[in-house]
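Topology and contacts: notes
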Amino acid sequence: MTAPEKTTVDLEQQIDAAIARRETRHEDWDTLGFQAAKGGDRFKRAQIRYIGSGATGNHEGDNRTLPSEHFTFSNMRLPVGAVGPEHTHHDVEEVFFVLEGELEVAVHDVEDGTKKAVRRLGYRDLIRVPAGVPRSLANVGDIDALFCVIIGAEKPQLPTYPPSSEMYGVTR
């Protein structure tokens, strides 16, 4: 019986390939720019990708991001008074974790989008929204909000906008 072959792993290369540094990130104001183009500056916000491309489009060519295997991770910069419109991720849960500023988040009734529950989140607060539940958010603070967005799939489906959303019918 022969001994199993050992594979040599270059630990230096492995750890370097697993790091995404803040100074190499890019505030991408264009990814969600189609919403601002349709609805005005109130919908302007930046995605800052770390792992995968999120559910906002095709960014697989962005060599600054780490490959996604099971989830995506990005930061979102939401200017004062700006909103993230009501939308639904049908295939994945989504998590928002506040790093700076103050957000008002809402979950909307699936059957009747006019019914919703709203909460304020601040520094180090988190909300997890299950797949299939419409959600929205707004910056209600006096500084830009910066928060983590974690989406539970390697490549989530594009979200949809229910009839009660200000972005209903808007496409890329």
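See the structure shown above.
Residues numbered from 1 in each chain as written. Predicted model: local features only at pLDDT ≥ 70, side-chain atom pairs only at ≥ 80, totals over all residues. Heavy atoms only, no water.

Glancing now at the pairing of strand β9 (residues 145–151). By the criterion of burial, β9 is predominantly enclosed, with six of the seven residues buried. Alignment of strand β2 (residues 72–78) against β9, held across seven bridges, turns out to be antiparallel. Residue pairing in the sheet places L78 in a bridge with A145 of β9. As paired elements, strand β4 (residues 94–100) and β9 share six bridges and run antiparallel to each other. Within β9, the position partnered with V95 by the bridge is I150. (Buried < 20%, exposed > 50% of the residue type's maximum accessible area, 1.4 Å probe, protein only. Helix = DSSP H or I, 4+ residues; strand = E, 2+ residues; numbered from the N terminus. Pairing = 2+ DSSP bridges.)

Strand order in the open sheet formed by four strands is β3-β8-β5-β6, and the pairing between neighbours is antiparallel. Both outer strands of the open sheet, β3 (83–87) and β6 (116–121), are each paired with one neighbouring strand and no more. Between one strand axis and the next, the sheet turns by 15 degrees as a mean value, whatever way the strands run. Note that strand β5 (residues 103–108) and strand β8 (residues 135–139) share five bridges and pair antiparallel. Of the residues in β8, the one forming a bridge with L103 is N139. (Axes fitted to C-alpha atoms, helices over the stretch in contact; angles between N-to-C directions.)

In this structure the tally under the stated criterion is six salt bridges. Ionic pairing is found between R128 and E93, a salt bridge with its closest N-O pair at 2.9 Å. Residue R128 is located in strand β7 (residues 126–129), and its partner E93 is located in the loop between β3 and β4; the two are separated by 35 residues in the primary sequence. (Salt bridge = Lys/Arg side-chain N within 4 Å of Asp/Glu carboxyl O.)

Taken as a whole and assessed by the stated rule, the structure comprises two aromatic pairs. Ring geometry for Y50 versus F73: centroids 5.9 Å apart, planes at 80 degrees, classification edge-to-face. Here the residue Y50 occupies a position in strand β1 (residues 46–51), and F73 occupies one in strand β2, the gap between them amounting to 23 residues. Look at F73 and you get partly exposed, because its relative accessible area is 23%. The interplanar angle of 80 degrees and the centroid separation of 5.8 Å between the aromatic rings of F96 and F147 together place this pair among those described as edge-to-face. Taken together, the residues span a long stretch of sequence, with F96 in strand β4 and F147 in strand β9 at a distance of 51 residues. Just above the ring of Y50 sits the side chain of R25; from NZ or CZ to the centre is 5.2 Å. (Phe/Tyr/Trp six-rings, centres within 6.5 Å; stacked < 30°, edge-to-face > 60°. Lys NZ or Arg CZ within 6 Å of the ring centre and 35° of its normal.)

The subject of this paragraph is the sheet that holds β1. Pairing between sheet strands relies on hydrogen bonds along the backbone, with the strands arranged either parallel or antiparallel. Pairing within the open sheet is antiparallel, and its five strands lie in the order β1-β2-β9-β4-β7. Strands at the two margins of the open sheet, each flanked by one partner only, are β1 and β7. Going across the sheet, the axis of each strand differs from the next one's by a mean of 20 degrees, ignoring polarity. One ladder, built from four bridges, connects β4 with β7; its direction is antiparallel. Paired with F96 across the bridge in β7 is I127.

Once that is clear, we can look at the nonpolar core. With 26 residues, the main nonpolar core has L78, L103 and F147 as its most contacted residues. Mapped by element, the contributors of at least two residues to this core are β2, β4, β5, β7, β8 and β9. With four residues, the single largest contributor to this core is β9. Each residue touching F147, except ones within four places of it in the same chain, is listed here: S74, N75, M76, L78, F96, F97, V98, L99, L103 and L137. (Core = buried A, V, L, I, M, F, W, Y, C linked by side-chain atoms within 4.5 Å. Contact = heavy atoms within 4.5 Å.)

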